[in-house]
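# Structural description and commentary
What follows is each chain in one-letter form.
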Amino acid sequence: MAAVLIPSFILLMCFWISPSLQHISEAEPLVSFKNSVKITKGDLNSWKIGTDPCGGKWFGIYCHKGQTVTGIHVTQLGLSGTIIVDDLKALPNLKTVRLDNNLLSGHLPNFSILRGLKSLMLSNNSFSGEIPDGFFKDLPRLKRLFLDHNKFVGNIPSSIMQLPDLEEVHLQGNKFTGEIPPLSDVNKNMKILDLSGNLLEGEVPESIPNRKNLTANFEGNEDLCGKSINIECESVEVTPSGQITLPPTTRPESTHASGIVYAIMLALTFLCTFFIVVGAIKRRNKKKNAEFRMLDKERLSDLDALQVKVPEVSKNRGGNMDVGSTKKGGVGGGGGGGGGEVGGGMSDLVMVNNEKGSFGLPHLMKAAAEVLGNGSLGSAYMAVMANGLSVVVKRIRDMNKFAPEAFDVEMRRLGKLRHPNVLTPLAYHYRREEKLVVSEYMPNSSLLYVLHGDSGEYRPELTWATRLKIIKGVAQGMQYLHQEFASYDLPHGNLKSSNVLLNENYKPVISDYAFLPFLEPNIASQTLFAYKTPEFAQNQQVSHKSDVYCLGIIILEILTGKFPSQYGKGGTDIVQWVQSSMAAQKGEELIDPEIAKSTDSMQQMLELLRVGAACIACNPDARLDIREVVRRIEQVKT
């Protein structure tokens, strides 16, 4: 009997030990991969030989049931150089490689050796050169391919269009040339195809627009034609002598007719605008703009807004408050990294920062609530927990670029941010249709309201010292974001006075930042304020200097007290007004009378005015960079 038991015991021990040994063996190829690149921002010090990649401590590593590596998500670390992927072949269950928003360069690495790959995301790097036509034929399980905003040239590989399971292809923002390869009948799953911003030519294959559930984007390819983009392709005839002739074109007549229609529409628009402006002037002194009325302090529903009975709050060893959950999965884990499941049902709320304590979605659903308003990305509510914590819940639409796993990585990165002038999210909830982002409530509302809201009993006096404090805080917060998200085109992207919140002491905190990677390009260009800059209007380009432009608008808005028409809701064209007044040496006339008459700091105000004016130059190259903005602002004293 003992002879039987001993071998069984040995087999059982082998069963227990083998997963750990497998993990340690998977550490070696990952460390070799790390050593093949340079890390210019942050580190991967948690990747160590002899430790378990699936133990939960390796940054950016995802495992299936804690047993084997399935995903590498290393973004925004400034990875540079030419990567070598050969070592990753030793990871048999690797499904996702995500290295977007880094500084990687060279030709596209040989990811085709990773035959089990389902997602390859390399957006916003500096990869270049041509991609061989058959590069993707050995990746039959690939579902998502993100190669956008690199420097690829040459033809689009036809092997992409022949992958049977492919659902999303993002090749926008490169320099691909030639014709678009047809979509193979083998592929029945394609949903998104973005080829915008390239140099493609010829007719769009009929196999693409004929797909019912496929959304395709071809914008910015001026030499494309076809029925799907409403541009007729010119036929080419070859004469017996070998000469190439084109049939007569009707475009001049069409252009002439279009010009007439355009002129009529322009005239009608002018008349409509004239009457709207006249009507607005007449109503100006009768009614305030509803955008700036004090928000009603009414419950979202007096019948349903019940005080939530949260279990007793206790202090844990770290000093944070832990609040129990009424449902399994309703409360996230620890701070910084957070906890909870990703993308589960309605009971899941994933904590990414528990400095204010932990709570669950059921608590939010039952807490006393108040509508704060609607913004470009969605609506916002204020909820008060029974333990006294007040939070803002933003219901955000159109954040559909990332699957749950990738969304979780991005939110946890935001949850680790720590700066006195940056609002760090506390938790999130993922659903396909919308996302909830929870953050701390700021009692003095937004800079937009404080500057332009109804003046009344509770309107604070914005002294020169308070305004300077707000400007300094916003600038310092922006410098921090530009350091943390240096690889992003837009580290903030949506900076405006409604996204500058004020605490009880009027210390500013910046919100709604770093959302660009979450949004599809067409959504981003419609919702983010940085896309209102001159460089996007003229060249469809944005950069760090676009954020500087938005910061300049806020500086001038605070100094003048005027509501900028750049926000798109009436007001003063603050850019034109400031530039013309500064050119005429009438800077003092720009300063808000509320602060100009009550202090002897006019010279300091004018210096700050010059900083703001230097941020809104039409040419991005002529603007200050964020470090110089902060340096000059910090020299201004009250």
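Thresholds applied
- Residues numbered from 1 in each chain as written.
- Predicted model: local features only at pLDDT ≥ 70, side-chain atom pairs only at ≥ 80, totals over all residues.
- Heavy atoms only, no water.
- UniProt positions renumbered as here; feature names shortened; annotations may be inferred.
- Helix = DSSP H or I, 4+ residues; strand = E, 2+ residues; numbered from the N terminus.
- Contact = heavy atoms within 4.5 Å.
- Areas by Shrake-Rupley, 256 points an atom, 1.4 Å probe, with all protein chains shown as cover.
- Core = buried A, V, L, I, M, F, W, Y, C linked by side-chain atoms within 4.5 Å.
- Buried < 20%, exposed > 50% of the residue type's maximum accessible area, 1.4 Å probe, protein only.
- Domains from an automatic or database assignment.
- Pairing = 2+ DSSP bridges.
- Axes fitted to C-alpha atoms, helices over the stretch in contact; angles between N-to-C directions.
- Patch = residues over 30% accessible without salt bridge, like charges linked within 9 Å, V, L, I, M, F, W, Y side chains within 5 Å.
- Salt bridge = Lys/Arg side-chain N within 4 Å of Asp/Glu carboxyl O.
- Lys, Arg positive; Asp, Glu negative; His and termini not counted.
- Charge placed at Lys NZ, Arg CZ, Asp CG, Glu CD.
- pLDDT = per-residue confidence, 0-100.
- Polar contact = N/O pair within 3.5 Å; in protein donor to acceptor, adjacent residues only side chain to side chain.
- Disulfide = S-S within 2.5 Å.
- Parallel < 35°, antiparallel > 145°, perpendicular 65-115°, else oblique.
- Left-handed = near helix turned anticlockwise from the far one by under 90°.
- Nonpolar A, V, L, I, M, F, W, Y, C, P; charged D, E, K, R; others polar.

In the nomenclature of an unreviewed UniProt entry, the protein is known as Protein kinase domain-containing protein of Brassica oleracea var. oleracea. Looking at the protein in UniProt, the text filed under Sequence similarities (unreviewed entry) is "Belongs to the protein kinase superfamily. Ser/Thr protein kinase family."

Glancing now at the overall build of the protein. A tally of helices and strands in the protein yields 13 helices and 28 strands. Contacts in the protein between residues at least 24 apart in sequence constitute 57% of all its contacts with a sequence separation of at least 6. Carbon and sulfur atoms form 53% of the exposed surface of the protein, whose accessible area is close to 32,000 Å².

Moving on to the nonpolar core. The biggest cluster of nonpolar side chains holds 83 residues, and the ones touching the most others in it are L481, L495 and L608. At ten residues, the largest contribution of residues to this core is made by helix α9 (residues 544–560). Split by domain, this core shows at least three residues from each of two domains, domain 2 (350–441) and domain 3 (443–637). Setting aside anything within four residues of it in sequence, one finds L495 in contact with V474, M478, V500, I510, F529, D547, C550, L551 and I554. Formed by 57 residues, the second largest nonpolar core is a distinct cluster that contains L91, L120, I131 and L163.

Before going further, it helps to spend a moment on the sheet that holds strand β15 (residues 215–217). With mixed pairing, eight strands are arranged side by side in an open sheet as β2-β3-β5-β7-β9-β11-β13-β15. Strands at the two margins of the open sheet, each flanked by one partner only, are β2 (61–64) and β15. Between one strand and the next, the sheet's axes are offset by a mean angle of 15°, whatever the strand orientation. Here four bridges tie β2 to strand β3 (residues 68–73), and the two strands are oriented antiparallel to one another.

What follows is about a negative patch on the surface. A cluster of like negative charges, contributed by E179, E201, E203, E206, E222 and D223, occupies part of the molecular surface. Note that E222 resides in the loop between β15 and β16 (223–225).

Looking at the protein as a whole, its pLDDT mean stands at 78, while 76% of the residues score no less than 70. Of all the helices and strands in the protein, strand β20 (residues 321–322) carries the lowest mean pLDDT, 30, while strand β28 (residues 508–510) carries the highest, 97. Throughout residues 242–257 the model reports pLDDT below 50, and contacts reaching past four residues in sequence, or to other chains, amount to 15 contacts. In this model, residues 281–347 is a region of pLDDT below 50 whose contacts with residues beyond four sequence positions or in other chains number 137 contacts.

Now for the side chain of N221. Relative to the assigned elements, N221 resides in the loop between β15 and β16. Classification of N221 by relative accessible area gives buried; the value is 7%. A distance of 3.0 Å separates the side chain of N221 from the backbone oxygen of L195, its partner in a polar contact. A polar side-chain atom of N221 sits 3.3 Å from the main-chain amide nitrogen of L199.

Negative phi is the rule for most residues except glycine; trans is the rule for most peptide bonds. The phi dihedral of N101 is positive, around 55°, even though this residue is not glycine. Structurally, N101 is set in the loop between β5 (96–98) and β6 (103–106). The backbone of N124 shows a phi angle near 55°, a positive value even though the residue is not glycine. Relative to the assigned elements, N124 resides in the loop between β7 (119–121) and β8 (126–130).

Okay, the state of the cysteines next. Following the criterion strictly, the structure yields two disulfides and no others. The residue that forms a disulfide with C54 is C63, at a sulfur-sulfur distance of 2.0 Å. An S-S torsion of about -90° defines the bridge between C54 and C63 as left-handed. One disulfide in the model links C225 with C233; its S-S distance is 1.9 Å. In this structure the cystine formed by C225 and C233 twists about its S-S bond by roughly 105°; its chirality is therefore right-handed. Judged by relative accessible area, C225 falls into the buried class, the value being 11%. On the basis of relative accessibility, which here comes to 26%, the residue C233 falls in the partly exposed class.

On to the environment of W464, then. Relative to the helices and strands, W464 resides in helix α6 (residues 464–484). Take W464: its relative accessible area is 5%, and that puts it in the buried class. For the pair W464 and S601, spaced 137 residues apart in the sequence, the C-alpha separation amounts to 8.3 Å. In this structure, W464 is in contact with L559, I595, T599, S601, Q604, M605, L608, V636, K637 and T638, ignoring residues within four places of it in sequence.

What the rule picks out here adds up to 18 salt bridges. Between R632 and E607 there is a salt bridge, with the nearest N and O atoms lying 3.3 Å from each other. One end of the pair, R632, is in helix α13 (residues 626–634); the other, E607, is in helix α12 (residues 602–615), with 25 residues separating them in the sequence. Each of R98, D100 and E410 takes part in one network of salt bridges that share partners.

Taken together, eight strands build an open sheet; the order of strands is β1-β4-β6-β8-β10-β12-β14-β16 and the sheet is mixed. If you trace the sheet from one side to the other, it starts and ends with β1 (38–39) and β16, each paired once. As paired strands, β1 and strand β4 (residues 79–81) are joined by two bridges and run antiparallel to one another. If you follow I39 over to β4, its bridge partner there is L79.

Between α9 and α12, whose axes approach to 7 Å, the crossing angle comes to 150°. Between α9 and α12, the crossing angle belongs to the class labelled roughly antiparallel. Regarding α9 and α12, the two cross each other, and that crossing is left-handed. Facing V548, Y549, G552, I555, L556 and L559 of α9, the residues of α12 in contact are M605, L608, L609, V611, G612, A613 and C615. When grouped by side-chain class, the residues that make up the contact of α9 with α12 number eleven nonpolar, two polar and no charged.

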